Amino acid sequence: MLSFFPTLYPDELLYSTLARYHIRSGNKSFKQTDLELFGYSSQQVCKITLTNNLNYLVKNLPLRSQQKVESLLQNHTLYPFYATFLMPQEAWLLKNSMSKKLSGSILDFVKVTTNSSDDSKKFLKFCPECLEKDTQKYGEPYWHRIHQVSGIVVCPIHGVFLHNSCVEVESKGINYHAASIDNCLLAKNVKNLTNNTVKTLLTVANDINWLIHSNFAFQGLAWLRAQYQRYLVDKGLLQTFAGGKFKFDDYGFAQLIFEFYGQESLEAINPMLAQHQGKYFSHCLFGCDVNPAIDRITHILMIKFLANSIEEFFQS
Ligand SMILES: [Zn+2]
């Protein structure tokens, strides 16, 4: 049993608390910290955002600790983000795999592509204002969970651009790097965004945040595709014919969605969207239930555009 464990801060990523434990333990190697916390050392990918073997960790916490696996999962890992667009039984499998010692890959449960070519996803992110305020309030900075959610590019509290730290999210091998002024350096060439773009990015961040906390039962990707078709027909972008045939105006769709968010916002969220234009959107709209990976952010953007409200779309 651990002799101490740091108190988790509001919206702190569990990895961040473990990294603060590593510093306080005085351990010389990350491996030793891994052994103390989890009873073994694992090289699991996504360990930073989707920490597994939580049952062991919670049982191993000091006697007075009130911490529960469910609360760690829901409030301090990216589980609730990846649980979106998963059916209840699939979300349960993901939760189960994070609770236990995992032999396979967690990616089999989250349905994401591994070889992401988007650089912005590869480092832990931080908000300079949160960094400063946390240091004043708690005496040290920490990694916020919400800042690590893909698609969120501005801090939902301060509305400022998130910066990349020097800590890699998917690095091979074990590491426990707590946030510090040494690894949270301000980038010099930050693009100045218009007020409208910042407002849009903040709305998207709040939508994602809402979805993470909403906890509704997702009805499946086939249901999602049927919903899309209904909204596209209403908007005059899709014509359906007998025999299941349809005609989709992919160019028109891309034009309208770029108008809705603005090119600058979409590029800030996912630079790939601007390059692929309509073709990628049609792939997500009509192939979502056959594609093995789920691009959650593109779905959120399309839903908001089509229904004007994420909440309404999911509850209709
Ligand atoms: Zn902030």
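Up top you'll find the structure we're talking about.
The rules behind each value
- Residues numbered from 1 in each chain as written.
- Predicted model: local features only at pLDDT ≥ 70, side-chain atom pairs only at ≥ 80, totals over all residues.
- Heavy atoms only, no water.
- Helix = DSSP H or I, 4+ residues; strand = E, 2+ residues; numbered from the N terminus.
- Rg over C-alpha atoms; globule rule 2.2 N^0.38 Å.
- Buried < 20%, exposed > 50% of the residue type's maximum accessible area, 1.4 Å probe, protein only.
- Areas by Shrake-Rupley, 256 points an atom, 1.4 Å probe, with all protein chains shown as cover.
- Lys, Arg positive; Asp, Glu negative; His and termini not counted.
- Charge placed at Lys NZ, Arg CZ, Asp CG, Glu CD.
- Core = buried A, V, L, I, M, F, W, Y, C linked by side-chain atoms within 4.5 Å.
- Domains from an automatic or database assignment.
- Contact = heavy atoms within 4.5 Å.
- Donors = N, O, S within 2.8 Å, 3.2 Å for Na, K, Ca; no water.
- Tetrahedral: all angles 85-135°; square planar, octahedral: opposite > 155°, others 65-115°.
- Salt bridge = Lys/Arg side-chain N within 4 Å of Asp/Glu carboxyl O.
- Expected span 1.5 Å × (residues − 1).

### Here's the deal with the overall build of the chain
Phase 1: Looking only at helices and strands, the chain has 15 helices and 4 strands in total.
Phase 2: Computed over the C-alpha atoms, the radius of gyration of the chain is 21 Å, within 12% of the 20 Å expected from 2.2 N^0.38 for a compact globule of 316 residues.
Phase 3: Counting only C-alpha atoms, the chain reaches 70 × 45 × 30 Å along its principal axes.
Phase 4: Expressed as a percentage of the 316 residues in the chain, the buried residues total 50%.
Phase 5: If you sum the accessible surface of the chain, you get close to 15600 Å²; carbon and sulfur atoms cover 52% of it.
Phase 6: For the chain, the separation between the mean place of its 30 positive charges and that of its 27 negative charges on side chains is 6 Å.

### So, the nonpolar core
Phase 1: Core analysis: the largest hydrophobic core is formed by 98 residues, its most contacted members being L224 and F253.
Phase 2: Looking at this core element by element, the count peaks at 8 residues for helix α14 (residues 296–307).
Phase 3: Of the residues that make up this core, three or more belong to each of domain 1 (14–168) and domain 2 (216–315).
Phase 4: Sequence-distant contacts of F253, that is, excluding residues within four places in its chain, are made with L232, L237, F248, F281, L285, M302, F305 and L306.

### Quick look at the coordination of the zinc ion
Phase 1: Coordination of the zinc ion by the protein involves C127 (SG), C130 (SG), C155 (SG) and H158 (ND1), with metal-donor separations of 2.1 to 2.3 Å.
Phase 2: Here the zinc ion is ringed by 4 donor atoms whose angles at the metal span 105 to 112 degrees, and the overall shape comes out tetrahedral.
Phase 3: Between consecutive donor residues of the zinc ion, the sequence gaps follow C-x2-C-x24-C-x2-H. On the criterion of sequence distance, the pair formed by C127 in the loop between β1 (123–126) and α8 (128–138) and C155 in the loop between α8 and β2 (163–168) is long-range, its members being 28 residues apart. By the burial criterion, C127 is buried, and C155 matches it.

### Concerning the pattern of salt bridges
Phase 1: Applying the stated criterion across every chain yields a total of 11 salt bridges.
Phase 2: One network of salt bridges, in which partners are shared, links E12, R20, R24 and E140.

### Things to note about α14
Phase 1: The end-to-end C-alpha distance of α14, which contains 12 residues, comes to 16 Å, matching closely the 16 Å that a straight helix rising 1.5 Å per residue would cover.
Phase 2: Burial of α14 is extensive: 12 of the 12 residues sit out of reach of the surface.
Phase 3: Listed in full, the buried residues belonging to α14 are R296, I297, T298, H299, I300, L301, M302, I303, K304, F305, L306 and A307.
Phase 4: Directly beyond the C-terminal end of α14, a positive phi value near 70 degrees is found at N308.

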